[in-house]
Amino acid sequence: MKVTLTFDNGPTAPVTSQVLDTLAGHGVKSTFFLVGENLTAPANRAVAERAAAEGHWIGNHTLTHTVRLGDSPDPATAEREIGEAQRLIGGLATPGQLFRPYGRGGVLDRRLLNRAALGHLQRHGFTCVLWNSVPHDWDDPDGWVDTCLADLRTREWSLVVLHDLPTGAMSHLPRFLEALESLGADILQDFPPDCVPIRDGDVRVPLDHLLTD
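The shown structure was predicted, so the numbers you read here are calculated from the model rather than taken from an experiment.

Conventions we followed
- Residues numbered from 1 in each chain as written.
- Predicted model: local features only at pLDDT ≥ 70, side-chain atom pairs only at ≥ 80, totals over all residues.
- Heavy atoms only, no water.
- Buried < 20%, exposed > 50% of the residue type's maximum accessible area, 1.4 Å probe, protein only.
- Helix = DSSP H or I, 4+ residues; strand = E, 2+ residues; numbered from the N terminus.
- Arc of directions from axis to C-beta.
- Salt bridge = Lys/Arg side-chain N within 4 Å of Asp/Glu carboxyl O.
- 1 Å grid on protein atoms, 1.4 Å probe; cavity = no way out; pocket = protein on both sides within 12 Å on 5 of 7 lines; lining within 4 Å.
- Points joined across faces, edges and corners; volume = space filled by probe spheres on them.
- Nonpolar A, V, L, I, M, F, W, Y, C, P; charged D, E, K, R; others polar.
- Right-handed = clockwise from strand over helix to strand, strands pointing away.
- Pairing = 2+ DSSP bridges.

For the rest of this paragraph, the subject is helix 6 (residues 173-182). The complete set of buried residues in helix 6 reads Leu173, Phe176, Leu177 and Leu180. Down the axis of helix 6, the buried set is contained in an arc of 95°. They therefore lie on one face. Of the residues flanking the end of helix 6, it is Gly184, one or two places downstream, whose phi is positive at about 75°.

Shown next as structure tokens:
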């Protein structure tokens, strides 16, 4: 069993710090997909800098986390949501430029991207990172661990989406990591290839199911 852990929607200083402490205690490296506007708060910026300094990868999860790019007919939306977030992330971006679109509940469908967003990702050499395991920690803060462990048994390599938000869910992260260790899971920082449809601006697989016409 291979598992890659990612954390979306932060940074939120107290919770992200808690997550970093837990990951460090277990020797786990992950990726944090940040909401750009969160970085305007100095405490949040500082914890993002800590994450990068400790070897976690930093990616872009849009500027506001309010617009599914495929729902917007305005081509300027992609530049704002992707480009402005990337400018706020700045030198924290590692490795290269990672982008995760807003899926609203983890849904992978044709509202995920539009043509303007795809063009932006290609022109600027982004790697687009999706997911295959969403245990809904944000709306099941006490039950997500068991949900996730059951789901991980269904595939060889899972890319898990968690959220470093103040829901209480991350208080169960130590138990989750202990369970993975007991199962002998190989916890990786890299991404399963089938979750990376665009790498360094190069489209690797057909995107019709993710792209608004």
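Having seen it, we continue.
The next point concerns the pattern of salt bridges. When charged atoms on two side chains of opposite charge get close, those side chains can pair. Here the structure, examined in full by the defined rule, presents eleven salt bridges. In this structure, the salt-bridge partner of Arg100 is Asp8, at a minimum N-O distance of 2.8 Å. Of this pair, Arg100 sits in the loop between strand 4 (98-99) and helix 4 (115-123) while Asp8 sits in strand 1 (residues 2-8); the two residues are 92 residues apart in sequence, bridging distant segments of the chain. For Arg100, a relative accessible area of 0% translates into the label buried. Salt-bridge contacts for Arg45 lead to Glu49; the nearest nitrogen and oxygen are separated by 3.6 Å.

Moving on, we come to unusual backbone geometry. Along the chain, Gly10 connects to Pro11 via a cis peptide bond; the corresponding omega equals 0°. Among the structural elements, Pro11 can be located in the loop between strand 1 and helix 1 (13-26). Here the residue pair Thr94 and Pro95 is connected by a cis peptide bond, since its omega of -15° sits within 30 degrees of zero. Structurally, Pro95 can be placed in the loop between helix 3 (76-89) and strand 4. In this structure, Asn9 takes a positive phi of about 80° despite not being glycine.

Moving on, we get to the layout of surface pockets. Quantified by volume, the largest pocket comes out at close to 200 Å³. As for the largest pocket, its lining consists of 16 residues, of which His65, Gly105, Gly106, Trp138 and His163 are closest to the centre. Taken together, the residues of the lining of the largest pocket break down into seven nonpolar, seven polar and two charged.

A few words on the pairing of strand 2 (residues 31-34). Regular strands place side chains that alternate from one sheet face to the opposite one. Going residue by residue along strand 2, you find Thr31 and Phe33 tucked away on one face and Phe32 and Leu34 tucked away on the opposite face as well. Following the backbone out of strand 1, through helix 1 and into the adjacent parallel strand 2, one traces a crossover that is right-handed. Note that strand 2 and strand 3 (residues 57-60) share four bridges and pair parallel. When the bridges of strand 3 are listed, Phe32 appears paired with Ile58.

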